[in-house]
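Close look at the chain arrangement
If you want the building blocks of each chain, they are given just below.
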Amino acid sequence: MKNSDLSRRKDDHLDIVLDRHKATSRISAGWANLQFEHCALPELDLGAIDLRATLLGVTLQAPLLISSMTGGANRSEAINRHLAEAAQELGIAMGVGSQRVSLQTGNDQGLTRELRRLAPDIVLLSNIGAAQLLEKDGIDLARRAVDALQANGLIIHLNPLQEAVQAEGDRNWRGVLTQIARVVKSLEVPVIVKEVGAGLSASVARSLVEAGVQVIDVAGAGGTSWAAVEGERAANTADRAVAMAFADWGIPTASAVQAIRNALPDVALIASGGVRDGVDAAKAIRLGADIVGQAASALPGATLSTEAVIEHFQIVIRQLRTACFCTGSVNLAALRHAPLLASQA
């Protein structure tokens, strides 16, 4: 595929994801099925509640990851700058979108060490697609992705459904797990593996951990549906029909978090996919997530300014803090044991 075609595809993705009516999954992430038991006598100081968490050995001021959004469109440079500056200001983590375009073309789209200069203290995560690891220079591409940002770790994203329904998709996935294991051994930084909106099962997560992956991001169903995104991009009715049949495909985020935490009690776990606000984030942590990721909800602000991104996540943090307060949870460890209503899961 021509580099200009790759960039154009990424630009299409941005336009569609910004229109939530087109891109959102038709199934629920599962948060509505959970309800905390309200504590009317918390005996806490709201301002003293400790939301700090750790990711890859670095302390975050709140358990939040600005999840991967964009890595190839011309407007990516401003978007990534706004996200990095906001993450630095708030003391939260950031993962960039796929670096394939920036690494394979002369257009870096802002995915350079300038991001590290803007955000010297954050957990900054590089990103490459699993399908790209099968290319001849796949492992070198992974190394370059990390070096380009001086990143703390590498995200490898799994998107088989998107690739299957995308006209230009990579459809041969034989050997991906073996390549992931090779990348783990080749890099000096930890590897994080995530889905992109269809979720990870406990069995897949276990295989990844056995391959040496240190962090799992469930990226479950309930947020952006990349099958729907590709359906919107489809050039003919047949391709659209195939893609749209999978708009409600995937493992709901809440189910994926619970299943993986039960199967792998010690793995570092990120919950993303359909996290609308800080109450959803609180529910994800209650189910076993260590960190909670948001992408599409923050994207409109990221197209505007750093201040808009900061304001968005400040609201999420206030909501999360209030959820802790109203469950009598002094910190995130306590929140993980907050009572749920008996009629709920």
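About the thresholds
Residues numbered from 1 in each chain as written. Predicted model: local features only at pLDDT ≥ 70, side-chain atom pairs only at ≥ 80, totals over all residues. Heavy atoms only, no water. Buried < 20%, exposed > 50% of the residue type's maximum accessible area, 1.4 Å probe, protein only. Helix = DSSP H or I, 4+ residues; strand = E, 2+ residues; numbered from the N terminus. Right-handed = clockwise from strand over helix to strand, strands pointing away. UniProt positions renumbered as here; feature names shortened; annotations may be inferred. Contact = heavy atoms within 4.5 Å. Pairing = 2+ DSSP bridges. Axes fitted to C-alpha atoms, helices over the stretch in contact; angles between N-to-C directions. Core = buried A, V, L, I, M, F, W, Y, C linked by side-chain atoms within 4.5 Å.

**Some thoughts on the pairing of strand β6 (residues 153-157)**
The element β6 is extensively covered by neighbouring structure, given that five of its five residues are classed as buried. Burial along β6 is two-sided: the residues Gly 153, Ile 155 and His 157 and Leu 154 and Ile 156 are all buried. Handedness of the crossover is the feature at issue here: the chain leaves strand β5 (residues 124-129), passes through helix α6 (residues 138-149), returns alongside β6, and the resulting connection is right-handed.

**A short note on the UniProt feature "binding site: Mg(2+)" (unreviewed entry) in the chain**
Look at the UniProt record and you will see "binding site: Mg(2+)" (unreviewed entry) annotated at Glu 163. Inspection of the secondary structure puts Glu 163 in helix α7 (residues 160-165). With residues up to four places along the chain from it excluded, the contact list for Glu 163 reads Gly 169, Asp 170, Arg 171 and Trp 173.

**Describing the pairing of β5**
The buried count for β5 comes to six of six residues, which makes it a mostly enclosed element. The alternating pattern of β5 places Leu 124, Ser 126 and Ile 128 on one face and Leu 125, Asn 127 and Gly 129 on the opposite face, and all of these are buried. In this structure, strand β4 (residues 93-95) lies alongside β5, joined through two bridges in parallel fashion. Opposite Gly 95, over in β5, you have Leu 125 as the bridge partner. Taken together, the five bridges between β5 and β6 define a ladder with parallel strand orientation. Bridge assignment links Ser 126 to a residue of β6, and that residue is Leu 154.

**Topic: the sheet that holds strand β8 (residues 215-217)**
Here eight strands make up a closed barrel; going around it, the order is β3-β4-β5-β6-β7-β8-β9-β10 and the pairing parallel. Averaged over neighbouring strand pairs, the angle between their axes works out to 25 degrees when direction is ignored. Of the strand pairs in this sheet, strand β7 (residues 191-194) and β8 are connected by three bridges, and their pairing is parallel. The residue of β8 that forms the bridge with Lys 194 is Asp 217. Sheet contacts for helix α15 (residues 306-325): β3 (64-66) and β10 (291-294); angle to β3, the most-contacted strand, approximately 155 degrees.

**Side note on the nonpolar core**
Counting residues in each nonpolar core, the largest one holds 96 residues, and the members touching the most others are Met 94, Ile 156 and Ile 180. Residue contributions to this core peak at eight residues, all from α15. Residues within four places of Ile 180 in sequence aside, it is in contact with Leu 133, Ile 156, Leu 158, Val 193, Leu 208 and Val 213. In this structure, Ile 16, Ala 23, Trp 226 and Val 229 belong to the second largest nonpolar core, which totals five residues.

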